[in-house]
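Listed below, chain by chain, are the residues.
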Amino acid sequence: VQGLGMAKVAATNDHAVVTCMITGKLMRIDARTDSLIGYTPVGRAPIGVAIAQGKAYVACALSQEIFVVDVATGAVRATLRGGMIPVDVATSLAEDRVYV
C-alpha cells in the first residue's frame, strides 16, 4: 500500500521472514520451496527484522518492543522493551549479538 512505508525482509538458505506493517504480523516463507509457512502476530508497526541462530528479531516501532520469534515454528520466544521507537535490527556476523 503506497505511503505506508516498506516491509523489511531477512533470509537464510532455509527461511525468509517479512514484516507486515499494516497487519502487525511476521510472514514466514520456506525458501527451499518458495511457499508460505504462516504468519506470527507481533507488535504494532513491525518494521526491521533480522535472523540469528534460528530466531527472527522484529523491531516494532509503535509498540516499542522487540519480538523474538522462532523462525521454524513461529512461536514467540520473548518480547523485549525496545526503548524509543525501534525501527531496525541487525546481527553480528557470528550471530551472537543483536543491534537495534
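Our focus in this paragraph is the nonpolar core. Within the largest apolar cluster, twelve residues are counted, these being A10, V17, L26, V42, V49, I51, A56, V58, C60, F67, V69 and V71. When contributions to this core are tallied by element, the ones reaching two or more residues are strand 5 (46-52), strand 6 (55-60) and strand 7 (65-70). Per element, the largest residue contribution to this core is three residues, and it comes from strand 6. In this view, A56 contacts V17, L26, V49, A50, I51, F67, V68, V69 and V71; residues no more than four positions away in its chain are not counted. Residues A50, A52, V68 and V89 belong to the second largest nonpolar core, which totals seven residues.

Quick look at a nonpolar patch on the surface now. Taken together, the side chains of M84, I85 and V87 present a nonpolar region at the surface, about 340 Å² in accessible area. Structurally, M84 can be placed in the loop between strand 8 (76-81) and strand 9 (90-91).

Before going further, it helps to examine the confidence of the model for the protein. The predicted model of the protein has a mean per-residue pLDDT of 91, with 93% of residues at 70 or higher. The element-level mean pLDDT for the protein is lowest in strand 10 (residues 98-99), coming to 93, with strand 7 highest at 97.

Reading the values: rules and limits
Residues numbered from 1 in each chain as written. Predicted model: local features only at pLDDT ≥ 70, side-chain atom pairs only at ≥ 80, totals over all residues. Heavy atoms only, no water. Core = buried A, V, L, I, M, F, W, Y, C linked by side-chain atoms within 4.5 Å. Buried < 20%, exposed > 50% of the residue type's maximum accessible area, 1.4 Å probe, protein only. Helix = DSSP H or I, 4+ residues; strand = E, 2+ residues; numbered from the N terminus. Contact = heavy atoms within 4.5 Å. Patch = residues over 30% accessible without salt bridge, like charges linked within 9 Å, V, L, I, M, F, W, Y side chains within 5 Å. Areas by Shrake-Rupley, 256 points an atom, 1.4 Å probe, with all protein chains shown as cover. Salt bridge = Lys/Arg side-chain N within 4 Å of Asp/Glu carboxyl O. pLDDT = per-residue confidence, 0-100.

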